[in-house]
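Below are the chains, spelled out letter by letter.
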Amino acid sequence: MVSSTGGRSGGHDDAALDEIELAGELMIAATASSGDRLPTERIDEVLLDRADPGQGQREGD
């Protein structure tokens with residue numbers, strides 16, 4: 001998933017919102033999981049599948 005926060009500018013609020021989005025994505029993955037715990041492999045998939053929201057901005061600087 002790609003963060004919808006890519007167009008924002010600002011400091012700590014951006015980081016907090018990105019963390020909230022990531023937590024939400026992990027919760028969705030956990031809800032879809034059939035086990036009691038989300039497997040480490042699935043957590044890695046969720047974390048590594050996210051695009052870095054600030055990456056595009058840094059390349060254009």
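The model shown is predicted, which means the values in this text are computed figures rather than measured ones.

Comments concerning the pattern of salt bridges
This structure, assessed with the given rule, holds one salt bridge. The salt bridge involving Glu 45 is made with Arg 42; its shortest N-O contact spans 3.0 Å. Placement of both Glu 45 and Arg 42 in helix α2 (residues 40-49) is noted, with a separation of three residues, approximately one turn of the helix. Overall, Glu 45 belongs to the partly exposed group, its relative accessible area being 47%. According to the relative accessible area criterion, Arg 42 is partly exposed, its value standing at 34%.

Quick notes on the rules
- Residues numbered from 1 in each chain as written.
- Predicted model: local features only at pLDDT ≥ 70, side-chain atom pairs only at ≥ 80, totals over all residues.
- Heavy atoms only, no water.
- Salt bridge = Lys/Arg side-chain N within 4 Å of Asp/Glu carboxyl O.
- Helix = DSSP H or I, 4+ residues; strand = E, 2+ residues; numbered from the N terminus.
- Buried < 20%, exposed > 50% of the residue type's maximum accessible area, 1.4 Å probe, protein only.

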